Amino acid sequence: MKRRSLSKILLITQLMTHWVISPWAQAQCNPSIFFSLRRSLIPKELLPEPLEKLYLNHKPSGWAEVIQTAKKDPKLLLDLGGNKEGAQSLVLADGTSVVFKEFSSIPFLNCKKIVLQLQKWERQGVGPRLIGISIQHTPDPNERRFTLVMENLFADENAYGKNLLSGDGVELRLLRKEPQEARLWLKNRMLSLLATHPDPHPKNIVFRVTQLKQKALKPPKGSFFQWGDKIYQGFLVDPSGSEGNPQHSLFHTEIEETPQPLLQYNHKWKNLFFTKELDL
């Protein structure tokens, strides 16, 4: 038997022995052994290497550690709502404001799906920029603790200039003084984007009005409306890795036949709500 094959068998035996003796101690397993093995035991498309460029200082726990430190000072954090694993904003040491979301335990494949979804949104100009991630082990070998760090769409400055105005789909009244053409574009844009979201309620869409910097680059073509030196954008938030189904029957029932808690998902209701809030 070749020396290389024998070495691999010995390595596998060593790791399996550790798991049998201590099935809940994955985090204490020799990391060098696990790293050597996972290339041959896990399909290549599931490996985390393509995600490593998003780690902080090349550490899978880097961003998670920064966030845990920041949580000691409540003044640095702002709860943005949502479920028990909802998003929060955080001011980093350099003064940059970011948004992060923590998942206590999700399948590793879901981590990758969420990253790919955010990267797709960013390329299309319809989502926040992905800044970094942390992926940490949990007692369940198939699960990971996952942390996302993203652009804060409400920050005072962004890549294109000064943030003049921003909010989510229940704060559209803030836009009433903007040109009618811009409000109409935003309404249609936000409704069409929400239709692609797996959880398409108004708080999962964000608008932003930016005063362009001189010679600033512009967002991807078709993703913004320009009026003078201002650009208007709509963004999807709260990524889950899942794709929405615009044809779902829940979204197309008659308003009077839709239970009150589900109205926020009804396309006709959202159309009327956006029209009223934007004074169109």
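Residues numbered from 1 in each chain as written. Predicted model: local features only at pLDDT ≥ 70, side-chain atom pairs only at ≥ 80, totals over all residues. Heavy atoms only, no water.

So, about the pairing of strand 9 (residues 224–227). Note that strand 9 and strand 10 (residues 230–236) share 4 bridges and pair antiparallel. From the neighbouring strand, F224 faces strand 10, where its bridge partner is Q233. Hairpin connection, strand 9 to strand 10: the antiparallel pair is bridged by 2 residues, and G228 has positive phi, about 65°. (Pairing = 2+ DSSP bridges. Helix = DSSP H or I, 4+ residues; strand = E, 2+ residues; numbered from the N terminus.)

Turning our eyes to something else, we now look at the pattern of salt bridges. Applying the stated rule across the entire model yields 10 salt bridges. Among the salt bridges present, the one from K203 reaches D168, with a minimum N-O distance of 2.7 Å. Within this pair, whereas K203 is found in the loop between helix 5 (180–194) and strand 8 (205–212), its partner D168 is found in strand 7 (residues 161–168), the two being separated by 35 residues in sequence. Of the charged contacts in the structure, one is a salt bridge between K268 and E254, with a shortest N-O distance of 2.9 Å. Taken together, the residues K268 in helix 6 (residues 267–277) and E254 in the loop between strand 10 and helix 6 connect sequence positions 14 residues apart. You can call K268 partly exposed: its relative accessible area is 38%. When salt bridges with common partners are traced through the structure, they connect K71, E102 and R145 into a single cluster. (Salt bridge = Lys/Arg side-chain N within 4 Å of Asp/Glu carboxyl O. Buried < 20%, exposed > 50% of the residue type's maximum accessible area, 1.4 Å probe, protein only.)

This part takes up unusual backbone geometry. With a phi angle near 55°, N57 is a residue other than glycine that sits in the positive phi range. Topologically, N57 is positioned in the loop between helix 2 (31–41) and helix 3 (62–70). Its identity is not glycine, yet K215 carries a phi of approximately 60°, on the positive side. We classify K215 as exposed; its relative accessible area is 87%.

Before going further, it helps to examine the confidence of the model for the protein. In the predicted model, the protein carries a mean pLDDT of 82, and the fraction of residues at 70 or more is 79%. Across residues 1–48, confidence stays below pLDDT 50; counting only partners more than four residues off in sequence or on other chains, it has 42 contacts. (pLDDT = per-residue confidence, 0-100. Contact = heavy atoms within 4.5 Å.)

Okay, the sheet that holds strand 9 next. Strand order in this open sheet of 5 strands is 6-7-8-10-9, and the pairing throughout is antiparallel. Both outer strands of the open sheet, strand 6 (157–158) and strand 9, are each paired with one neighbouring strand and no more. Where strand 7 and strand 8 come together, 7 bridges link them in antiparallel fashion. Bridging from a neighbouring strand, S166 pairs with R208 of strand 8.

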